[in-house]
Amino acid sequence: MNLPNKITVFRVLLIPVFIFFMLVQSIPGAKWWALIFFCLASVSDFFDGYLARKNNLVTDFGKFMDPLADKLLICSAMIALTSTDPVRMPAWVVIIIIAREFTISGFRLIASDNGKVIAASIWGKVKTVVQMFMVILLICDFGGDTVHIIEKVLVYLALGLTVISLIEYVIKNRDVISSYK
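These numbers were taken from a predicted model, which means no experiment stands behind them. (Residues numbered from 1 in each chain as written. Predicted model: local features only at pLDDT ≥ 70, side-chain atom pairs only at ≥ 80, totals over all residues. Heavy atoms only, no water.)

A short note on the confidence of the model for the chain
When pLDDT is low, close inspection of the predicted coordinates is not appropriate.
Here's step 1: For the chain, mean pLDDT is 90; residues scoring 70 or higher make up 98% of the total.
Here's step 2: Helix α1 (residues 3-23) holds the highest mean pLDDT among the elements of the chain, 95, whereas helix α7 (residues 174-179) holds the lowest, 74. (pLDDT = per-residue confidence, 0-100. Helix = DSSP H or I, 4+ residues; strand = E, 2+ residues; numbered from the N terminus.)

Right under this line is the structure:
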């Protein structure tokens, strides 16, 4: 297993640690530990892709696991945020975002059965970055009207990018569905 793929696996292994600190708030500084682990996992997303492209280490495993690791990280974070603060992270938004992730994962599985790997698109990558910033700001919970407005903007921007990227994937990969028998 090459270094970029090891970084991706590391990101997946950080998720339970992050979630532990998100949900066990009785630990002093738990929110900040959660933030550190989330940021570490998020930054690792940049490095695994950068190293894979720079060193020509792009693999089918990486093309499949990197987006899956992102989905696991973001969806876990949003579910945890919904359970701790459903006003700032509405469940219906999380449901739509998770439904998109399942849909794209389904596309990838069908494509994989046909020997095709669907890599992340630019819209999918932008969506992921916006979601990561949204989660970071929601974890920080600085309070104040201005910050809450920025949080809302990021939540709805993430939702909009989720829908846009879904539409793009469906249009670009409609042959995957039509070829499935």
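More follows now that the structure is in view.
A short note on the packing of aromatic side chains
Here's step 1: Across all of its chains, the model carries 8 aromatic pairs by this definition.
Here's step 2: On the basis of an interplanar angle of 50° and a centroid distance of 5.3 Å, the ring pair of F18 and F38 is categorised as tilted. Here the residue F18 occupies a position in helix α1, and F38 occupies one in helix α2 (residues 30-54), the gap between them amounting to 20 residues. No difference in accessibility class separates F18 from F38, as the two residues are buried.
Here's step 3: Ring geometry for W92 and Y156: centres 6.1 Å apart, planes at 35°, overall tilted. Of this pair, W92 sits in helix α4 (residues 91-113) while Y156 sits in helix α6 (residues 145-172), and the two are 64 residues apart along the sequence.
Here's step 4: Aromatic ring contacts, followed pair by pair, group F20, F21, W33 and F37 into a single cluster. (Phe/Tyr/Trp six-rings, centres within 6.5 Å; stacked < 30°, edge-to-face > 60°. Buried < 20%, exposed > 50% of the residue type's maximum accessible area, 1.4 Å probe, protein only.)

Describing the side chain of S165
Here's step 1: Along the chain, S165 falls in helix α6.
Here's step 2: Among the polar contacts listed, one links the side chain of S165 to the backbone oxygen of T162, at a separation of 3.0 Å. (Polar contact = N/O pair within 3.5 Å; in protein donor to acceptor, adjacent residues only side chain to side chain.)

Re the environment of N114
Here's step 1: Tracing the sequence through the fold places N114 in the loop between α4 and α5 (122-140).
Here's step 2: For N114 and V176, which are 62 residues apart along the polypeptide, the C-alpha to C-alpha distance reads 8.0 Å.

Notes on the packing of α5 against α6
Here's step 1: Between α5 and α6, whose axes approach to 9 Å, the crossing angle comes to 155°. The angle between α5 and α6 falls in the class roughly antiparallel. Here α5 runs over α6; the crossing is left-handed. Contact residues: W123, G124, V126, K127, V130, Q131, F133, M134, L137 and L138 in α5; V147, I150, E151, L154, V155, L157, A158, L161, T162, I164, S165 and E168 in α6. (Axes fitted to C-alpha atoms, helices over the stretch in contact; angles between N-to-C directions. Parallel < 35°, antiparallel > 145°, perpendicular 65-115°, else oblique. Left-handed = near helix turned anticlockwise from the far one by under 90°. Contact = heavy atoms within 4.5 Å.)

Quick notes on the nonpolar core
Here's step 1: Counting residues in each nonpolar core, the largest one holds 38 residues, and the members touching the most others are F18, F38, M78, M89, M134, V135 and I139.
Here's step 2: By residue number, the principal contributor to this core is α5, which donates 8 residues.
Here's step 3: The residues contacting F38, other than those within four sequence positions of it, are F18, L73, I74, A77, M132, V135, I136 and I139. (Core = buried A, V, L, I, M, F, W, Y, C linked by side-chain atoms within 4.5 Å.)

Comments concerning α6
Here's step 1: Its 28 residues give α6 an end-to-end C-alpha distance of 40 Å, which sits within 8% of 40 Å, the value for a rise of 1.5 Å per residue.
Here's step 2: What α6 keeps buried is the set V147, E151, L154, V155, A158, L159, L161, T162, S165, E168 and Y169.
Here's step 3: Looking at the buried residues of α6, the elements they touch are α4 and α5. (Expected span 1.5 Å × (residues − 1).)

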